[in-house]
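Residue-level listing of the chains:
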Amino acid sequence: MKQFLLCVPLSLSAAHGTEAHAETDKGDVAAGPVSQGATPPGVIVRLRDPDEIVVTAERRGEAKVAAESEFGEEEIATQGVDSIQDLLARLAPFIDGSGEEPVILINGKPAGFDRSILSYPAEALDRLAVLEPEAAAHYGEPAGKRVVNLVLKKSFAMLNADAGADFATAGGQYGGTLSAKRTVINGDTRWNAQARVGADSAFRKTARDIPPRGGVFDSVGFISAPGGGEIDPALSLAAGQTVTAAAIPPGALTGGPGLDAFAATAGALHPVDPNRFETLQSSRRTAGLGIGVTRPLGDFSLALNLNANRNSSEGERGLPMVSVVIPAGHPWSPFAEDVALTRPFAGERALRADNGSTSIGASLTLTGNISGWQTSLAASYARNRADNFLESGVDVARVQRLIDDRDPAFNPYGLWDEGLMIATRTRTKGENLNARFNVRKAVIDLPAGPLTWNLTANTGRNRTQSRQSDAVGNLISSNGVTRSQSNGRMSLSVPISRDGGAEAGWLGDLTVDLSANAQAMTNSRLQKGFGGNVSWSPWPALQLRGGIDYADAAPSFDQLDAPIVTTINRIFDYARQEIAEPVWVTGGNPDLTRGRRQSLTFTATVRPLGGQILTLNFGYRQSVAKGGLAAFPELTPAIEAAFPERVTRDAEGRLVAVDARAINLARDTNADLSTGVALRLALGGREGRGETAGDALQLNLSLNHGMRLKSELQTRPGVPVIDQLRAGGQSRHSLSFQASIGRRGIGGTLSGNWSSPGRLRGGDEVFVFKPPLKLNLSAFIEPDRVFAIAGNKGMMSGLKLSVDINDLLNGYRRVTREDGTVPAGYSRNEIEPLGRVVRLTVRKKF
């Protein structure tokens with residue numbers, strides 16, 4: 001914990017007060033009177049020698065757990081990000097290589113449900129501190145979670161507007177965003193308001209060289225002989241040639257056509273490219289509004305947040321074609337023989353796949369100190385609606401029955417009723433109410449430090465209602481469910497030894513964290529768990545940690561009751577060795593049951609140069625889940641055999657639908673090794689205490705390697721175990737890196753990841769997956785700073801230009817058989833058709 005000292009000569013009268021000066025951790029000079037009986041909170045006054053008073057004070061916003069690493073204002077500025085959320089993503093390799101979102105503290109206090117802080121501009125931060133790993137237990141969070149303390153500036157105000165545009169360099173897809181944000185901080189009072197809109201165009205199959213699906217596609221429709229050949233000698237005589245196909249005459253839309261009408265359209269077909277009516281990515285629209293206010297309330301701090309979001313997407317999944325037989329003598333047929341009618345449902349109208357969702361939410365967080373107990377009380381309410389509409393084709397059997405019934409009111413050539421379309425519409429409404437209470441206190445002063453006790457209690461209630469109907473609104477099914485969930489976690493942080501302490505200091509820093517938790521949910525038994533972690537630093541340059549965790553794993557509200565979403569997913573069907581586009585069902589699965597999970601973790605951190613310049617990380621993790629919860633894995637023959645009820649195929653064996661909701665696994669075993677190196681250097685310029693000077697060039701490098709030692713999956717009891725590394729397509733090795741260099745006003749970041757080849761057994765074939773080296777590049781410039789524009793800067797004032805390039809090398813995951821041949825459906829455009837995407841952003845501060 002960083003502190004500063006006030007040194008006051010004792011010969012001065014403390015009773016009358018004296019003006020003292022102190023150098024803070026930033027090199028600033030603080031001055032103020034020191035008077036008897038007027039010591040402010042957080043300040044300790046003690047005698048260092050007979051002629052001097054020493055006053056020790058905490059920095060503003062400091063957490064109760066020491067920081068492992070820290071990023072100052074100048075170093076944050078070199079990243080060039082626009083929000084705190086973007087900053088956390090950029091610094092993820094230096095926070096936690098797992099990529100999991102950390103626990104957030106704001107000025108040393110838990111954020112609770114306050115998510116508005118993530119939208120604050122990065123310029124609002126005075127510093128960002130990554131706390132020691134034992135901070136998770138101190139703040140009532142599960143072991144292994146990293147904790148980040150966001151220390152805001154004492155005074156800050158900004159109004160900014162952002163405009164962004166993105167596009168695929170190969171063409172076919174583009175989008176854009178607009179946002180405006182106002183942020184004000186005045187001591188312990190702050191507020192933030194943000195509005196944003198965005199849109200992305202549909203990405204169609206015609207934008208890439210992708211083989212079209214098989215079949216006949218015609219925008220008007222035509223008749224032909226059921227077995228091929230001449231339709232009717234009388235028609236051929238009227239047309240003056242042998243007629244094997246004739247388009248639907250324009251007049252057939254309103255009245256029965258004669259031979260002359262079909263003779264006029266003989267051979268005049270209207271073929272179309274089916275790729276015109278399919279989207280690889282749906283068009284999307286987004287809009288959001290967020291408001292957050294935090295202010296003191298007596299000895300407490302109160303935070304209120306409101307948000308509203310709207311998202312929608314519209315996709316197309318092909319031209320619906322119908323082939324039926326019109327029998328001879330039918331009121332709408334002038335022919336002496338049966339004829340085959342092939343036509344689209346309604347001209348060039350494509351099958352629709354639309355999704356929309358609306359949500360509103362509010363949260364309230366109250367933090368403060370009650371008789372020495374640090375307390376936090378938070379509550380949140382969310383309400384959402386989702387509407388999912390999916391058309392899967394035309395009810396051909398029903399159309400054929402209408403024709404066979406010879407109903408003169410049904411025109412086989414005319415406009416058809418929407419009720420003949422096979423479609424489902426699912427509407428879902430949900431409400432969620434949560435409350436969280438946290439209390440902690442240093443209950444006993446041990447020789448090595450205070451023993452901290454922490455208690456966290458959560459309770460929630462979730463209600464979901466869903467209604468599924470057909471294309472014209474007829475009810476198919478409806479259901480509603482209400483669930484309640486409560487859980488609690490108690491933890492103790494016990495310091496055994498402190499380096500330099502009066503007792504047992506020869507051990508270095510040694511801390512033991514113990515935790516126990518319990519959870520109860522509607523229609524479920526009590527779930528229990530416990531864990532322990534040891535953190536030992538025998539020398540300042542070395543930190544060793546070990547932990548064990550055991551818990552019953554229960555499904556969350558979302559895993560049980562999230563809205564059902566049906567989309568079309570393009571996958572490779574290993575059973576038939578072909579590309580398939582089945583209906584893909586995701587959302588909540590109320591049939592999920594609880595399981596058990598245990599994990600063992602060892603990590604070591606070495607800082608051979610001291611400070612934050614060079615950090616080496618080593619880790620080992622082993623986990624075993626029995627009856628645990630997992631996302632639906634890749635559909636291989638082994639997975640299909642284990643979950644046959646999740647897969648639907650037609651009479652010819654083609655893949656039609658996949659229920660890809662979460663599943664319970666009999667056993668999931670994993671073991672991993674990880675290593676990493678992080679380097680942070682300030683090149684040139686001056687260095688202050690703990691912070692890089694503004695004229696220095698900041699260089700940050702990180703390199704992480706992961707090695708999967710074991711990954712075995714048993715889907716159900718009694719079935720063979722699947723070795724994911726040998727036959728499940730998983731990579732054994734993975735590499736990720738990030739390199740950034742910049743100073744305030746200009747900078748760039750290059751990041752990338754790579755995985756070793758994996759092997760997957762699909763039926764009698766073995767497929768080899770070769771992931772590419774993925775590189776991403778980001779750069780920014782603030783012209784008024786870089787070019788030192790003097791006088792009236794005009795539009796250049798407060799302007800920032802950014803460019804982000806995703807998939808710089810335009811690579812893709814190559815898939816081959818063992819003999820090196822490429823299976824159908826695995827060409828470059830079929831695997832990753834979008835390719836490289838460039839985003840340009842203009843940001844203006846007012």
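Being a predicted model, the structure only gives us computed values, none of them experimental.

**Student:** Could you give an account of the overall build of the protein, with specific residues and numbers?
**Tutor:** Of the regular secondary structure elements, the protein holds 12 helices and 52 strands. Overall size of the protein, expressed as C-alpha extent along the three principal axes, is 125 × 70 × 55 Å. In the protein, which comprises 846 residues, the share counted as buried stands at 45%. Put simply, 68% of the contacts in the protein that link residues at least 6 apart link residues at least 24 apart. For the protein, the computed accessible surface area is about 39900 Å², with 56% contributed by carbon and sulfur atoms. For the protein, the separation between the mean place of its 91 positive charges and that of its 89 negative charges on side chains is 4 Å.

**Student:** Residue-level account of the sheet that holds strand β7 (residues 103-106), with values.
**Tutor:** Strand order in the open sheet formed by 5 strands is β6-β9-β10-β7-β8, and the pairing between neighbours is mixed. Unpaired on one side and paired on the other, β6 (67-72) and β8 (109-110) mark the two borders of the sheet. Sheet analysis places strand β9 (residues 125-131) next to strand β10 (residues 147-152), joined by 5 bridges and oriented antiparallel. If you follow Val 130 over to β10, its bridge partner there is Val 148.

**Student:** Any chance you could break down the sheet that holds strand β15 (residues 222-224) for me, citing the residues and the numbers?
**Tutor:** Spatially, the 4 strands line up as an open sheet ordered β16-β15-β21-β20, and their pairing is antiparallel. Single-partner strands in this sheet number two, and they are β16 (245-247) and β20 (321-326). On average, each strand axis in the sheet is inclined to that of its neighbour by 25°, with strand direction left out of account. Across 3 bridges, the pairing between β15 and strand β21 (residues 339-344) is antiparallel. Considered in β21, the bridge of Ser 224 is made with Ala 340.

**Student:** Describe a positive patch on the surface, and please don't skip the residues or the numbers.
**Tutor:** A surface patch of positive charge is lined by Arg 596, Lys 626, Arg 667 and Lys 710. Looking at the secondary structure, you find Lys 710 in strand β43 (residues 697-714). Residue classification places Lys 710 among the partly exposed residues on the basis of a relative accessible area of 36%.

**Student:** Tell me what's going on with helix α7 (residues 396-404), and back it up with residues and numbers.
**Tutor:** Looking only at α7, the buried set comprises Val 399, Gln 400 and Ile 403. One face of α7 carries all of its buried residues, which in axial projection span an arc of 100°. For α7, the secondary structure elements touched by its buried residues are β20 and β23 (373-394). Phi turns positive, to about 55°, at Arg 406, one or two residues after α7.

**Student:** Lay out the nonpolar core with the relevant residues and their values.
**Tutor:** Membership of the largest hydrophobic core comes to 29 residues, with the highest contact counts inside it found for Ile 223, Val 399, Tyr 413 and Trp 416. Element by element, the count of residues in this core is highest for β20, at 3 residues. Not counting chain neighbours up to four residues away, the residues in contact with Trp 416 comprise Val 322, Arg 343, Phe 345, Val 394, Val 399, Phe 410 and Asn 411. Residues Leu 87, Phe 94, Ala 122 and Leu 150 belong to the second largest nonpolar core, which totals 27 residues.

**Student:** Describe the packing of aromatic side chains, naming the residues involved and giving the relevant values.
**Tutor:** To describe a pair of aromatic rings, one takes the distance between the centres and the angle between the planes. A full pass over the atoms with the stated rule returns 12 aromatic pairs. Ring pairs connect the aromatic residues Phe 572, Tyr 574, Phe 767 and Tyr 826, which therefore count as one cluster. Lying over the aromatic face of Phe 780, Lys 800 brings its terminal NZ or CZ to 5.8 Å of the ring centre.

**Student:** Which residues make up the side chain of Ser 599, and what are the values?
**Tutor:** Tracing the sequence through the fold places Ser 599 in strand β34 (residues 595-606). Excluding its chain neighbours within four sequence positions, the residues that come into contact with Ser 599 are Gly 547, Ile 548, Asp 549, Arg 621, Gln 622 and Ser 623.

**Student:** I'd like a description of a nonpolar patch on the surface, backed by residues and values.
**Tutor:** On the surface, Trp 191, Leu 289, Ile 291, Val 293, Leu 304, Leu 306 and Leu 364 cluster together into a nonpolar patch covering about 570 Å² of accessible area. At the level of elements, β18 (283-297) and β19 (300-316) are the ones that each hand at least two residues to the nonpolar patch. Take the nonpolar patch: its biggest share by element is 3 residues, from β18. Locating Leu 289 in the fold gives a position in strand β18. Accessibility expressed as a relative area gives 45% for Leu 289, which makes it partly exposed.

**Student:** With reference to specific residues and values, describe the pairing of β21.
**Tutor:** Regular strands place their side chains on alternate faces of the sheet. Among the 6 residues of β21, 6 are classified as buried, and the element is accordingly described as predominantly covered. Because side chains alternate across β21, one face comprises the buried residues Val 339, Leu 341 and Arg 343, and the other comprises Ala 340, Thr 342 and Pro 344, equally buried.

**Student:** Tell me about the confidence of the model for the protein, residues and numbers included.
**Tutor:** Per-residue confidence for the protein gives a mean pLDDT of 86, with 90% of residues at or over 70. Of the regions scoring below 50 in pLDDT, residues 687-693 engages in 16 contacts with residues more than four places distant in sequence or in other chains.

**Student:** I'd like to hear about the pattern of salt bridges, residue by residue, with values.
**Tutor:** For the structure on display, the rule yields 56 salt bridges. Across the salt bridge formed by Glu 123 and Arg 843, the nearest N and O atoms sit 2.8 Å from each other. Here Arg 843 lies in strand β52 (residues 837-845) and Glu 123 lies in the loop between β8 and β9, a separation of 720 residues in the sequence. Take Glu 123 and Arg 843: they sit in the same class, and that class is buried.

**Student:** Could you give me a rundown of the pairing of strand β50 (residues 799-806), with the residues and numbers involved?
**Tutor:** When strand β49 (residues 774-781) meets β50, the two strands line up antiparallel, connected through 5 bridges. Residue Phe 780 lies in a different strand from β50, and its bridge partner there is Ser 802. Pairing analysis gives 8 bridges linking β50 to β52, with the strands arranged antiparallel. Across the sheet, the residue bridging to Leu 799 is Lys 844, located in β52.

**Student:** Pulling in residues and values, what's your account of unusual backbone geometry?
**Tutor:** Although it is not a glycine, Asn 107 sits at a positive phi angle of roughly 55°. In this structure, Asn 107 sits in the loop between β7 and β8. Looking at Asn 107, the relative accessible area reads 18%, which means it is buried.

Analysis parameters
- Residues numbered from 1 in each chain as written.
- Predicted model: local features only at pLDDT ≥ 70, side-chain atom pairs only at ≥ 80, totals over all residues.
- Heavy atoms only, no water.
- Helix = DSSP H or I, 4+ residues; strand = E, 2+ residues; numbered from the N terminus.
- Buried < 20%, exposed > 50% of the residue type's maximum accessible area, 1.4 Å probe, protein only.
- Contact = heavy atoms within 4.5 Å.
- Areas by Shrake-Rupley, 256 points an atom, 1.4 Å probe, with all protein chains shown as cover.
- Lys, Arg positive; Asp, Glu negative; His and termini not counted.
- Charge placed at Lys NZ, Arg CZ, Asp CG, Glu CD.
- Pairing = 2+ DSSP bridges.
- Axes fitted to C-alpha atoms, helices over the stretch in contact; angles between N-to-C directions.
- Patch = residues over 30% accessible without salt bridge, like charges linked within 9 Å, V, L, I, M, F, W, Y side chains within 5 Å.
- Salt bridge = Lys/Arg side-chain N within 4 Å of Asp/Glu carboxyl O.
- Arc of directions from axis to C-beta.
- Core = buried A, V, L, I, M, F, W, Y, C linked by side-chain atoms within 4.5 Å.
- Phe/Tyr/Trp six-rings, centres within 6.5 Å; stacked < 30°, edge-to-face > 60°.
- Lys NZ or Arg CZ within 6 Å of the ring centre and 35° of its normal.
- pLDDT = per-residue confidence, 0-100.

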